[in-house]
Amino acid sequence: MEQKPVLQRRLKLWHIVAMGVGYMAPMAVFDTFGIVSEVTAGHVPTAYLLTIAAVLFTAMSYGHMVKVYPSAGSAYTYTRQTLGPHAGFMVGWVSLLDYLFLPMMNALLTGIYLSSAFPDVPQWVWVAGFVALITTLCLFNVNVSVSVNALFVAFQFLVVALFVVLAAYRLSAGGEALVSAQPLLSADASWGALLTGASILCFAFLGFDAVTTLSEETVEPRTTIPRGILWITMLGGGLFFTASYFAQRLFPDVSVLNNPEGASAEIALALGGVLFQAVFLAAALTSTLASGLVSQLSGSRLLFAMGRDRTLPGPVFGYIHRSLGTPVFNIVLIGLISLTALVLDLLVATSFVNFGALTAFTFVNLSVIIHYIFREKQRSWLALLRYLLFPLAGIGFVLFFWTHLERNSLLLGGAWTLFGLLYLLWMTRGFRREPGTIRYEAAEGSG
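Everything numeric in this text was worked out from a predicted model, so none of it was measured.

In terms of regular secondary structure, the protein chain is built from 16 helices and 0 strands. The C-alpha radius of gyration computed for the protein chain amounts to 22 Å, which stays within 12% of the reference 22 Å derived for 447 residues, consistent with globular compactness. Overall size of the protein chain, expressed as C-alpha extent along the three principal axes, is 70 × 55 × 40 Å. The buried share of the protein chain, taken over its 447 residues, is 55%. At a minimum sequence separation of 6, the contacts of the protein chain that also span at least 24 residues come to 84%. Within the structure as shown, the protein chain displays about 18300 Å² of accessible surface, and the carbon and sulfur contribution to it stands at 68%. Side-chain charges of the protein chain comprise 23 positive and 21 negative groups, with the mean position of each set lying 15 Å from the other.

For the rest of this paragraph, the subject is the pattern of salt bridges. Close approach of charged atoms lets side chains of opposite charge pair. Under the definition given, this model contains 4 salt bridges. The shortest N-O distance in the salt bridge between Arg249 and Glu176 comes to 3.3 Å. With Arg249 in helix α10 (residues 221-250) and Glu176 in the loop between α7 (142-173) and α8 (191-201), this pair connects stretches of sequence that are 73 residues apart.

All right, on to the side chain of Arg301 then. As for its placement among the helices and strands, Arg301 is situated in helix α11 (residues 263-308). The class of Arg301 is buried, set by a relative accessible area of 0%. Residues in contact with Arg301, not counting those within four places in the same chain, are Leu7, Ala72, Val142, Thr213, Leu214, Glu217, Thr326, Pro327 and Ile331.

Scanning the entire structure with this criterion turns up 23 aromatic pairs. With a centroid separation of 6.4 Å and 70 degrees between ring planes, the pair formed by Tyr62 and Tyr78 is classed as edge-to-face. With a gap of 16 residues between them, Tyr62 in helix α3 (residues 44-68) and Tyr78 in helix α4 (residues 75-83) connect regions that are remote in the sequence. For the residue pair Tyr62 and Tyr78, the accessibility class agrees, reading buried in each case.

Here helix α15 (residues 381-403) contains 23 residues, and its C-alpha end-to-end distance of 32 Å stays within 8% of the 33 Å for a straight helix at 1.5 Å per residue. Along its length, α15 shows its largest kink, about 25 degrees, at Leu389, and proline Pro391 lies within four residues downstream of that point.

For the rest of this paragraph, the subject is unusual backbone geometry. Positive phi values are uncommon outside glycine, yet Lys377 reaches one of about 55 degrees. Within the element layout of this structure, Lys377 appears in the loop between α14 (346-375) and α15. The phi angle at Phe431 is positive, at roughly 65 degrees, despite the residue not being glycine. Secondary-structure assignment places Phe431 in the segment after α16 (407-427). Assessed through its relative accessible area of 42%, Phe431 is described here as partly exposed.

The biggest cluster of nonpolar side chains holds 125 residues, and the ones touching the most others in it are Tyr62, Phe163 and Phe205. Sort the elements by how many residues they give to this core and α11 lands first, with 17 residues. When near neighbours in sequence (up to four residues on either side) are disregarded, Tyr62 contacts Ser74, Ala75, Tyr78, Phe208, Asp209, Thr212, Ile229, Ala360, Phe361 and Val364.

This part covers the packing of α3 against α4. α4 packs onto α3 with a crossing angle of 70 degrees between their chain directions and a minimal axis gap of 10 Å. Relative to α4, α3 is oriented roughly perpendicular. Crossing of α3 against α4: the hand is left-handed. On α4, the residues that touch Tyr62, Met65 and Val66 of α3 are Ala75, Tyr78 and Thr82. For the contact of α3 with α4, the residue count by class is 5 nonpolar, 1 polar and no charged.

With 95% of its residues at a pLDDT of 70 or more, the protein chain shows a mean pLDDT of 87. Within the protein chain, the lowest mean pLDDT, 82, falls on helix α9 (residues 207-211), and the highest, 94, falls on helix α13 (residues 328-338). The low-confidence segment residues 438-447, where pLDDT is below 50, has 32 contacts with residues more than four positions distant or belonging to other chains.

Now for the environment of Ile370. Residue placement: Ile370 occurs in helix α14. On a C-alpha basis, the gap between Ile370 and Leu83 in space is 7.9 Å, while along the polypeptide they are 287 residues apart. Filtering out sequence-adjacent residues up to four positions away, Ile370 remains in contact with Thr82, Leu83 and Arg375.

Calculation rules
- Residues numbered from 1 in each chain as written.
- Predicted model: local features only at pLDDT ≥ 70, side-chain atom pairs only at ≥ 80, totals over all residues.
- Heavy atoms only, no water.
- Helix = DSSP H or I, 4+ residues; strand = E, 2+ residues; numbered from the N terminus.
- Rg over C-alpha atoms; globule rule 2.2 N^0.38 Å.
- Buried < 20%, exposed > 50% of the residue type's maximum accessible area, 1.4 Å probe, protein only.
- Contact = heavy atoms within 4.5 Å.
- Areas by Shrake-Rupley, 256 points an atom, 1.4 Å probe, with all protein chains shown as cover.
- Lys, Arg positive; Asp, Glu negative; His and termini not counted.
- Charge placed at Lys NZ, Arg CZ, Asp CG, Glu CD.
- Salt bridge = Lys/Arg side-chain N within 4 Å of Asp/Glu carboxyl O.
- Phe/Tyr/Trp six-rings, centres within 6.5 Å; stacked < 30°, edge-to-face > 60°.
- Expected span 1.5 Å × (residues − 1).
- Bend = angle between axes of the 7 residues up to and from the residue.
- Core = buried A, V, L, I, M, F, W, Y, C linked by side-chain atoms within 4.5 Å.
- Axes fitted to C-alpha atoms, helices over the stretch in contact; angles between N-to-C directions.
- Parallel < 35°, antiparallel > 145°, perpendicular 65-115°, else oblique.
- Left-handed = near helix turned anticlockwise from the far one by under 90°.
- Nonpolar A, V, L, I, M, F, W, Y, C, P; charged D, E, K, R; others polar.
- pLDDT = per-residue confidence, 0-100.

Below you can see the structure in the form of structure tokens.
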């Protein structure tokens, strides 16, 4: 019998790091700077440090679980194998919010950026063009997508580096020291405000979640993905901290900006004039392209895992194109969903993404505790630290982030969750059957 097509292992560590950082959209540091600076009274770098500390616990949990289940299903598979197929389906269903709506959000941002630069061109042209480009790139084998994404990420790092050099020159020319404690901690800082700022910034660190969906296309995923997760978190965090530090030095009081919620263009104009502002716009566009590309890739793999397990219709969602080696139906479906950027707004998209991401974070931390502490019964002091205390700390931070979700996030996410629960009830005939058929064996010596 002819073997069915499967995902091919082509990705190495640098591919994984580039994809994860691209998903994080490095240029977003300037888009959120004005808002978070107002919230934290001018201490954005410290808010980033708190965010890095918070998400590291959850990032480590992803690293632990991918060693056991190197599957394209990510949080869906981890929960399915530790808490059962019903819980797994619900986590997978809710996590889809992140992957289905982030490409749409990037399409919408692209339309906004280009419409401001070219007001005579209708915004729908930019949105449709973005969706067509990203969908086409995703259809090819994963190496093509990774190579294009790496170029986008490299350009963003180059622009951020140029920003830091120009900012350092501006400070030195003004007779100011390059190193100052003012943006980090001062009498105006409060821990409540800093934690609130961190809750806004935590969603910039979703890259480590996305790359776990590429486990089945990664060479030696049980070692490559955990190393990649650490690199992604630290590289992205280092870039965010450095850029926000110099932005805060230049603008200790963002009230001088005309539009703190859209501070990126004003910062670029004030620092380097119209030319640098144009470069900033180009980098912002590559940011949405890179993030959109990785989120569409990741979402298609999550749909594939759920289709292969038959928790979604297998012939459609579990299909791999024989020559391309990609889940083409899933990629096209996400592209079509991205076209909702023509009618939905940014707030709706963000609400869906936040709810889905926090659900995945919560259950991945729970999965670590259940697998290592209760199933493998690892009870040494080191094991209790790694597999109990750190995941509990991750859950604690995630619960704090839950309390800071906007009302729209809770309402829209709750409605999506209810719809998934009704579908699960129908699929399992009132929980009398198990959703799906596939089981994965845990790796030996995973601890």
